[in-house]
Amino acid sequence: MPDAGNGNNDRQDATLRLDTSSADRITRTTCYMCACRCGIKVHLKDGRIRYIEGNRDHPVNKGVLCAKGSAGIMTHYSPARLRKPLRRVGPRGSGEYQEIEWDEAMAIATDWLGAIRRSDPRKLAFFTGRDQSQALTGWWASQFGTPNHAAHGGFCSVNMAAAGLYTIGGSFWEFGEPDWEHTRYFLMFGVAEDHDSNPIKIGLGKLKSRGAAKFVSVNPVRTGYSAIADEWIGIRPGTDGLLVLALIQELLRAGKIDEEYLCRYTNAPWLVIQDEGAADHGLFARDAAGQPLVFDSVTQVVASAHQVDARPQLAGKVTLADGRRAVPAFHVVAKRCLEPQYSADAVAAETGIGADVIRRIAAELAHAAFEQTVVIDQPWTDWTGRRHDRMVGRPVSMHAMRGISAHSNGFHTCRAIHVLQMLLGAVDSPGSFRYKPPFPRPTPPAIKPTGSPAQVQAGKPMPGPPLGFPTSPLDLLVEADGTPRRLDKAYSWEAPLAAHGMMHQVIHNAWAGDPHKIDTLFLFMANMSWNSSMNTTGTIDMLTDKDPATGDYRIPHIIYSDAYASEMVAYADLVLPDTTYLERWDCISLLDRPICDADGVADSIRQPVVAPDRDVRPFQEVLIDLGTRLGLPGLVKEDGSPRYPGGFPDYLVHHERKPGVGMLAGWRGAAGDKQGVGAVNEGQLDAYVANGCFWRHEIPAEARYFKHVNRAYLDWAVGMGLIDKAEPIVLQLYSEVLQKFRLAAEGHGDVQPPDQHRERVRTYFDPLPLWYMPFEEAAVARDAFPLHAITQRPMAMYHSWGSQNAWLRQIHGENRLHIHRATAARLGIADDDWVAVTSHHGRIKVQAKLMDGVNPNTVWTWNAIGKRSGAWNLAPKAGESQRGFLLNHVISELLPVRGDGYRYGNSDPVTGQAAWYDLRVRVEKIAAGDSVSEPQFATLPVPPHLPERPGVLRYGAGFRAAVHGDAKATGDAK
Amino acid sequence: MTSLPAQPSAKRLGLVIDLDICVGCHACAVNCKEWNSGGVAAPLTDLAPYGADPDGVWFNRVHTFEVGEGAAGRTVHFPRSCLHCAEPACVTVCPTGASYKRAEDGIVLVNEDLCIGCKLCSWACPYGAREFDEDAGVMKKCTLCIDRIYNTTFDPEDRVPACVATCPASARHFGDLGDPDSAVSKLVAEREGFDLMAEMGYAPTNKYLPPRPRQQSAGCTGAPARLAPATPAQAGGLLGWLDRLLSQ
Amino acid sequence: MHPSLSVILFTTASGAGYGLLALLGVLAPFGVLPADRMFGLVALALALGAITGGLVSSAFHLGQRQRAWRAFSQWRTSWLSREGVAAVATYLPAGLFGIGWVFLGVVMKAAGLLSALGAVATVFCTAMIYRSLKPVPRWHNRWVVPNYLALALMSGTLWLMLVLQIFGPRPELYVLAPATIVLAAFLKLAYWRFIDSAPATSTAGSATGLGSLGTVRLFEAPHTSENYLLKEMGFQIARKHAARLRRIATGLGFGLPFVLSLAPFVVAGWPAVAAAFVAAALGTAGVFVERWLFFAEAQHAVTLFYGRSEV
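Residues numbered from 1 in each chain as written. Chains lettered and ligands numbered in written order. Predicted model: local features only at pLDDT ≥ 70, side-chain atom pairs only at ≥ 80, totals over all residues. Heavy atoms only, no water.

A separate point is the confidence of the model for chain A. Summing up the model confidence of chain A, the mean pLDDT is 94 and the portion of residues at 70 or higher is 97%. Counting contacts from residues 967-974 of chain A, a segment whose pLDDT is below 50, to residues more than four positions away or on other chains yields 27 contacts. (pLDDT = per-residue confidence, 0-100. Contact = heavy atoms within 4.5 Å.)

The interface is formed by 101 residues belonging to chain B together with 116 residues belonging to chain A. Together, the buried faces of chain B and chain A total about 8,300 Å²; carbon and sulfur atoms form 54% of this surface. For the salt bridge of Arg883(A) with Asp53(B), the shortest nitrogen-to-oxygen distance reads 4.0 Å. Summed over the shared surface of chain B and chain A, the result is 38 residue pairs in polar contact (both at pLDDT 80 or more). By residue number, the principal contributor to the side of chain B that touches chain A is helix α1 (residues 27-37) of chain B, which donates seven residues. (Buried area = accessible area lost by both parts, 1.4 Å probe. Salt bridge = Lys/Arg side-chain N within 4 Å of Asp/Glu carboxyl O. Polar contact = N/O pair within 3.5 Å; in protein donor to acceptor, adjacent residues only side chain to side chain. Helix = DSSP H or I, 4+ residues; strand = E, 2+ residues; numbered from the N terminus.)

To continue, consider the sheet that holds strand β11 (residues 231-233) of chain A. Residues and elements named next belong to chain A. With parallel pairing, four strands are arranged side by side in an open sheet as β11-β10-β9-β21. Whereas interior strands pair on both sides, the edge strands pair on one side only; in this sheet they are β11 and β21 (396-400). On average, adjacent strands in this sheet sit at an angle of 15 degrees to one another, irrespective of strand direction. Pairing of strand β9 (residues 185-189) with β21, which is carried by five bridges, proceeds in the parallel orientation. Of the residues in β21, the one forming a bridge with Met188 is His399. (Pairing = 2+ DSSP bridges. Axes fitted to C-alpha atoms, helices over the stretch in contact; angles between N-to-C directions.)

Bringing the packing of helix α1 (residues 5-27) of chain C against helix α2 (residues 37-59) of chain C into the picture now. Residues and elements named next belong to chain C. Direction vectors running N to C along α1 and α2 enclose 155 degrees, while the axes themselves pass 7 Å from each other. Looking at the two axes, α1 sits roughly antiparallel to α2. As α1 runs across α2, the sense of the crossing is left-handed. Facing α1, whose interface residues are Ser6, Leu9, Phe10, Ala13, Ser14, Gly17, Tyr18, Leu20, Leu21 and Leu24, α2 presents Phe39, Ala43, Leu44, Leu46, Ala47, Ala50, Ile51, Gly54, Leu55, Ser57 and Ser58. (Parallel < 35°, antiparallel > 145°, perpendicular 65-115°, else oblique. Left-handed = near helix turned anticlockwise from the far one by under 90°.)

With that settled, consider the packing of aromatic side chains. Inspection of the entire model under this criterion finds 62 aromatic pairs over all chains. The interplanar angle of 80 degrees and the centroid separation of 5.1 Å between the aromatic rings of Tyr261(A) and Tyr265(A) together place this pair among those described as edge-to-face. Note that Tyr261(A) and Tyr265(A) are positioned in helix α9 (residues 259-265) at a spacing of four residues, about one turn of the helix. When its relative accessible area of 4% is taken as the criterion, Tyr261(A) is described as buried. Note on Tyr265(A): relative accessible area 5%, which makes it buried. Among the aromatic residues, those joined into a ring-pair cluster are Trp123(B), Tyr130(C), Trp139(C), Tyr148(C), Tyr191(C), Phe294(C) and Phe295(C). The ring of Tyr77(A) carries Arg48(A) above its face, with NZ or CZ at 4.6 Å from the centroid. Here Arg50(A) stacks its cationic end above the ring of Trp35(B), 4.0 Å away from the centre of that ring. (Phe/Tyr/Trp six-rings, centres within 6.5 Å; stacked < 30°, edge-to-face > 60°. Buried < 20%, exposed > 50% of the residue type's maximum accessible area, 1.4 Å probe, protein only. Lys NZ or Arg CZ within 6 Å of the ring centre and 35° of its normal.)

This part takes up empty space enclosed by the protein. All names here are of chain A. Its volume calculated, the largest cavity comes out at about 550 Å³. Put simply, the parts of the chain that give the lining of the largest cavity at least two residues each are β24 (557-562) and β31 (787-792). Looking at which element gives the most residues to the lining of the largest cavity, the answer is β31, with four residues. Its residues assigned to classes, the lining of the largest cavity comprises 16 nonpolar, 13 polar and five charged. (1 Å grid on protein atoms, 1.4 Å probe; cavity = no way out; pocket = protein on both sides within 12 Å on 5 of 7 lines; lining within 4 Å. Points joined across faces, edges and corners; volume = space filled by probe spheres on them. Nonpolar A, V, L, I, M, F, W, Y, C, P; charged D, E, K, R; others polar.)

Taken as a whole, the second largest pocket holds about 930 Å³ of empty space. What lines the second largest pocket is a set of 32 residues, and nearest its centre among them are Arg816(A), Leu218(C), Ala221(C), His223(C) and Tyr306(C). Of all the secondary-structure elements, those providing two or more residues to the lining of the second largest pocket are β34 (843-851) of chain A, β4 (60-67) of chain B together with β1 (216-220) and α8 (228-233) of chain C. In terms of residue count, β1(C) provides more of the lining of the second largest pocket than any other element does, three residues in total. Considering only residue class, the lining of the second largest pocket consists of nine nonpolar, 13 polar and ten charged.

Here we take up the interface of chain B and chain C. Where interface size is quoted, it is often the accessible area lost as the parts come together. Contact residues are listed per partner, giving 59 residues for chain B and 57 residues for chain C. Both sides of the chain B and chain C interface together cover about 4,800 Å² of buried area, and 59% of this is carbon and sulfur. Summed over the shared surface of chain B and chain C, the result is two salt bridges. Close ionic contact of Arg217(C) with Glu69(B) constitutes a salt bridge, the shortest N to O distance being 3.1 Å. Viewed at the interface, chain C and chain B are joined by 33 residue pairs in polar contact (both at pLDDT 80 or more). Contributing elements (two or more residues each) for the side of chain B that touches chain C: β4, β5 (74-81), α3 (120-124), β8 (130-133) and β9 (138-141) of chain B.

A word on the nonpolar core. Residues Trp140(A), Phe330(A) and Phe522(A) are the most contacted members of the largest nonpolar core, which totals 334 residues. Broken down by element, this core gets its largest block of residues, eleven residues, from helix α12 (residues 355-371) of chain A. In terms of nonpolar packing, the next biggest core, distinct from the first, is built from 131 residues, Ala124(B), Ile8(C), Leu21(C) and Leu210(C) among them. (Core = buried A, V, L, I, M, F, W, Y, C linked by side-chain atoms within 4.5 Å.)

Here you go:
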């Protein structure tokens, strides 16, 4: 905007070069410094990366870029990058390796995996971390024939995803977003720093600048987003469900609910059979055609719920044709929510939130929803054919994430939030939460997990994907005796709806041979010997434990792919070095976790920006090569020749999941003129590259709200290949799926839980909203472990796995345990004191830092700052290892022993979600000693041939020298 | 020359930072580091980048404060960089003429070729804007991205400082604070933007916008303090049922 | 402020040197001092040696020593530049003064007085470097310049007394030493009293502009390890350590030298020489400690962003 910069009236200006081009070439691609998938422009100069900035045209970040994305240069050029395949030569964990050629590495992997596939494919456990190629990895696991596959969702936020998908056919983040433009009230629960990084920051900036909305953050810690909230509710961890149910109760008492919305778009009016003891008790009453029934208040008869003219009744007992009693789903849901334990007064003590505050927030929600209605002059037609001349919305939006999810009551808490949304009519109406395509999908999506005995056969692919959505006990992956089929016990009676698998149980179970032994553990980008495991110390022991009888490792083979010398590398037998994100093709597919927004469908790719200067290969490339060598049917032709000789880019373009549907939805059809569904287009990648590596297609205006019941949207979504049928997606106020599992636990049906698990399944598969105390809190003595301990990743590192980044580690190079000032005073703890943190599982020594903005019953720290000495090519005495620490050491992967001696996983009983935030601890002041955090582990050696760590880093000096011919500025350390 | 321009420039380029919106994500700090690492002040040297105590040159740093107590307490993220003062003592104390304030736009710069590394300018700056590059032996500082804002190889909309271009929450604004009609000046007037440490008399160009009053009390959104129970009079149908349920 | 050894050495040594030079320049032309060449040689060598040594030491503080000459250019605004100009300019009359005295046996009045003027001007400029820094309230006050001048005068006097004791005591000047010590001690104690009681000029509230919202407390610094600002400006000394050092500086710099400076009134000959030497050495050491404290106790406003509540 300034227009004159050359008025050099000072001699000093003579040396300034203000018109220097920052790039010989600018390449557009997709960021991977966290999981947000923003569009970036990479400036290249003299073959090196000069600058990375946000791509203004990109739908995700619209030109902005966060701290992580801006630090990409340092991650790309990190001295911790692996250089060549490695074969372990010393004991596991010693970090002694020999460099080998790729041919040898691939031969070893093919040998191990080939033998497994020929005998028992289940003996391959293939788990990936925070990667964005699950559309490929899941398919590859199916092709291989093993059900033992998942990504990191099980220890991240499957409670959110599962509760959302089973309840409203969508969820938060990739699944939906607040209507930032129209919302008047934004309620955020348990959202960590920088979650959904740039979109939320852009949205909050917009919302706050607009000045017409209130932003409330419910979070035990007042940092990040919570810092700018109009109101911070410093709730006690694990009690959010109580708060939500109390809000619901207040709204119900006042009758402030959207009756019309409930009747039309949810199962609230559907009649639930009331026949205690019967096999269909609690299921929906249905007609002969299987259609659910409602009671029409006008005609006073029971009618099909899909009968357009019905004016269904929401409460009151009804007699069915067979004489049995039934009530509308709303009736039982409301009754539950009106129980006295969910009153504002009753929950105040447990949540730490005053009843007056709860009442006020309920009043504010009602006011925003019903007095500040948003109207958009856009006619639309619902699925019944009813024409609406306007879109009328309830401008209350919500967003929730890890703080809700990472508790053993997280599934039900999340369901309660969705129930609250439904009662307010605030699901995909103007001003409320909005779905992002391909959501909404059916509740739940019609994909079942694969892995039953008939589906797993030597030398054959499985007929479906390893992960899916069970809707009845028949869909579980259990043996005849009810024991788990999968290594991680997902889809067993311990975690029936484990829709993302349970990665946090894999190493323990593989080590214990429970439920079965494995041969090879194949991991990608998952730091399981450090910050991605509960019980890190125990996990390290399990990875290195040998069977005394044979002298062999209990987990016989471990293959690991990572781009960096992470802690996990030291525990692999074979290391396959990956590239950085700027050196490869990638695909952010609609089949996986796409980049859509509420107004458009979109997907994207990464393209290689620079060529690797090391002997490394992209993991996807390796997976395709390995699959081809193994002869997986999807990867070889009938004659055994490679189906995708061009590797991953070839696969991206030519692989079709079903006719016309492939990895990428843009520029399909031979001529590139089709969207969503269409034939293979040979020029597809070129089209993506030309468009900045993404494709976006706008949803028609009449289809942008009420997507779950909007005929225009449903038709459009079918046309785009997003859903199979243009049928309404009815929101599940009452969960019949959960009731089916409860009925099994009560002795109905062919597939029933073993007696050991009956009571647990019966209790937690409650079709109604529910809150119960998190398991660890209920199991340990409150006075022995009086505090909650939780973590969050800091903004500059959220979802980022490059802690060795030279710039970001200056911002967070060590972490402290944050304690409320008053709590610390009570415990005699001052700033910088060393303290012991003890849980039922273990003890760590850390340094304290006092603050005010935290729930007084809670201590917390920045997660995954602590590194193991020697890892990531950091100096052995780096702050990350000396003063940094992990809470993981005091979190057990198992719950305390029960009366019967059995130890359940430290997980949600419905989904198996890792309950990271259930941790209870006590904190005591101790002597500083050597002022080093504990536990400490032997310093890991740096893998062979990694570069020396520079003592001085002068990155960029060369760029300036090139401009100025400046001798003094040459020789940057890299 | 370390004399300040004889005529204060009419144009006073600077930043306006909105403390009400800043979430403390450090995007501005890192993007600044990234841009300037290869720019006119390159390199922004990092000492011991992978060692025990990494220490780099940064032109922009984000602090986090807690302010007030109890329910009135809040957390405020606070980015701090050169304020390009109208009365910059960092310039006048410079013995060599390396530090200077541009007459045409008020930007305060260092000519590294003249700098002897005496560090006096850093002592003279109350805001910590001066960053000594120990490796290069010279002082460095925020240039207001002078190699971006006048860079004709950039698209016009990209001719803003890196911190402003990258800020995800739009908490940073760039413009001419000498022009009362500029968007930034209007923003400052409307939001009562303030100077840091005005008592020093440095007359900073950059302004900070205060956090807005929080809406925390009853009635702040127009809603009542609590909802009135549905009354039987209005309680037909569903409400009547709820009422009966509650009175059971 | 970080007590940088090179700067402390510089101000201590050059202060003593300029103090001595100023005394020589004022006293010699009026015949108060011995006129013999050896006295002139030793006294001026001591003064110019301390000055030059101090200046050389100060160069070690610079990041780019080879460009130090550039520092003479900005005398119109910069006290540091003025100090450089004054320091160099003082060499001219001082050189003439010395050549005349040592080689020609002529004590040139004008050169002497100009040297003295230059010496005072240089110390004044040095003091003004600190005095002018608003971000350091413990420097930005009226006590700093008198302190620098008085301490330079005191340490110069003590060294003059030593040389006089060797080359020819002047009883009429004996009173100079205790008098300058008392003056310097008074000013130093007044300075300490001032900095201990002066109200804060800035607070974390004014630094952040958030003071109206309540007390401002640092939750997280921008980076977890120390940066240049903290290393240079964030130096902190515990109150009890500072108190002890003040006692040491007072005893070493003022107390003992004062007692010793009374020696010539009662003894003569080598005991008086020894007393003068110890007084000069202790006085200078005391000034060194005082100077260290001058930095260590100075709080920079930038620390308000790093957790300090007021400066």
